[in-house]
Amino acid sequence: MENANIDFMIHGLFTYKFFGHEVWITTSHVCILIVMLALIIFALIVNRKMKKATEVPDNFQNVIEVIVEFLDGIVDGAMGWSAPKFRNYIGTLFLFIIVSNISGIFGLRPPTADYGTTLALALITFTLIHFNQFKHNSLKSIWVDMCSPLPPWLPIWFPINLISEIAVPISMSLRLFANVLSGTIIMALVYGLLHQIAYVWPAALHIYFDLFSGAIQTYVFCMLTMTYIAQQMGDPPAVTEKK
């Protein structure tokens, strides 16, 4: 037990000076870079392959089409008429989170086990939510909604509704971070305390914590993102028929 090597912390690798301030490059930065490079290389390969797509697809083309159809399906189902505007963002978000979540299988520390990563993703969603809120709603309707369920001239509920809006990125980021970090800690304990017998059977835990739980948390984060944005988009614009 004394020789157990239990390590699930973020480690600083090196520092550099930025405008007089010391900035650390950590294992999280390196893992994020690896995930990004993997996705970029994958995207370049897919782009090259799809330019030469055949009418009868091969196995690789089939896999790509399944992924695209799956992502388009969940975006269309959750966002309706506004889906085309957000397919690229939701698709990129989904792929980044799920690859980050399953990166533990390949010996990396999942970037989403760092709260700085999940908070940044949640803040991007938060920005999109309120950008579309002000773009598609009048200031009057926003004020009425923030004062709900009481009349707008009695804004007693305004502070509570404001806190609930601010809580959105915090709750989204903490949910993803806590679930991924818990799996990372459990696997570190398994390999640290049971390293003498940790052969083969930990693969079952990786399947649950990295694949199953990672996929579920990716789906939840993206679904919440789509739901919050779609709520602000409102109904589709009316189409006037030409006589």
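Above this note sits the structure.
Notes on the structure follow. Note that the structure is predicted; figures quoted are calculated from it, not measured.

Conventions we followed
Residues numbered from 1 in each chain as written. Predicted model: local features only at pLDDT ≥ 70, side-chain atom pairs only at ≥ 80, totals over all residues. Heavy atoms only, no water. Salt bridge = Lys/Arg side-chain N within 4 Å of Asp/Glu carboxyl O. Buried < 20%, exposed > 50% of the residue type's maximum accessible area, 1.4 Å probe, protein only. Helix = DSSP H or I, 4+ residues; strand = E, 2+ residues; numbered from the N terminus. Axes fitted to C-alpha atoms, helices over the stretch in contact; angles between N-to-C directions. Parallel < 35°, antiparallel > 145°, perpendicular 65-115°, else oblique. Left-handed = near helix turned anticlockwise from the far one by under 90°. Contact = heavy atoms within 4.5 Å. Nonpolar A, V, L, I, M, F, W, Y, C, P; charged D, E, K, R; others polar. Pairing = 2+ DSSP bridges. Phe/Tyr/Trp six-rings, centres within 6.5 Å; stacked < 30°, edge-to-face > 60°. Patch = residues over 30% accessible without salt bridge, like charges linked within 9 Å, V, L, I, M, F, W, Y side chains within 5 Å. Areas by Shrake-Rupley, 256 points an atom, 1.4 Å probe, with all protein chains shown as cover.

### Overview of the pattern of salt bridges
Part 1: Evaluation of the coordinates by the stated rule reveals 2 salt bridges.
Part 2: Close ionic contact of D58 with K49 constitutes a salt bridge, the shortest N to O distance being 2.5 Å.
Part 3: By relative accessible area, which is 26% here, K49 ends up partly exposed.
Part 4: Between R87 and D76 there is a salt bridge, and its shortest N-O distance comes to 2.8 Å. Here the residue R87 occupies a position in helix α3 (residues 83–102), and D76 occupies one in helix α2 (residues 59–79), the gap between them amounting to 11 residues.
Part 5: Taking the relative accessible area as the measure of exposure, R87 reaches 32% and is therefore partly exposed.

### Some points on the packing of α2 against α3
Part 1: Relative orientation of the contacting elements α2 and α3 amounts to 125°, with a least axis distance of 9 Å. The angle between α2 and α3 places the two elements in the oblique class. Note that α2 runs across α3; the crossing there is right-handed. Side by side, α2 and α3 meet where F70, L71, D72, I74, V75, D76 and M79 of the first sit next to A83, F86, R87, I90, G91, F94 and L95 of the second.
Part 2: When its residues are assigned to classes, the contact of α2 with α3 shows 10 nonpolar, 1 polar and 3 charged.

### Topic: the pairing of strand β1 (residues 12–18)
Part 1: Examined bridge by bridge, β1 and strand β2 (residues 21–26) share 6 bridges and lie antiparallel to one another. In the strand pairing of β2, F14 is matched with I25.
Part 2: Hairpin connection from β1 to β2: 2 residues lie between these consecutive antiparallel strands, with F19 at a positive phi of about 50°.

### Describing the side chain of N161
Part 1: The residue N161 is located in helix α6 (residues 158–193) in this model.
Part 2: What makes N161 buried here is its relative accessible area of 17%.
Part 3: Those residues within four positions of N161 in sequence are excluded, and the remaining contacts are D145, M146, C147 and S148.

### As for unusual backbone geometry
Part 1: Along the chain, S148 connects to P149 via a cis peptide bond; the corresponding omega equals 10°.
Part 2: Relative to the helices and strands, P149 is located in the loop between α5 (139–147) and α6.

### Overview of the side chain of T125
Part 1: Take T125: it is sitting in helix α4 (residues 115–136).
Part 2: Excluding its chain neighbours within four sequence positions, the residues that come into contact with T125 are Y89, M172, F221 and T225.

### Overview of the packing of aromatic side chains
Part 1: Evaluation of the coordinates by the stated rule reveals 4 aromatic pairs.
Part 2: Centre to centre, the rings of W143 and F158 are 5.3 Å apart; their planes meet at 35°, and the pair counts as tilted. With W143 in helix α5 and F158 in helix α6, the pair connects residues that are 15 residues apart, well separated along the chain.
Part 3: With a relative accessible area of 26%, F158 lands in the partly exposed category.

### Considering a nonpolar patch on the surface
Part 1: A surface patch of nonpolar side chains, about 970 Å² in accessible area, is lined by L33, M36, L37, I40, I41, F42, L44, I45, F60, V63 and I67.
Part 2: Elements supplying a minimum of two residues to the nonpolar patch: α1 (27–51) and α2.
Part 3: The element best represented in the nonpolar patch is α1, accounting for 8 residues.
Part 4: Within the secondary structure layout, I41 lies in helix α1.

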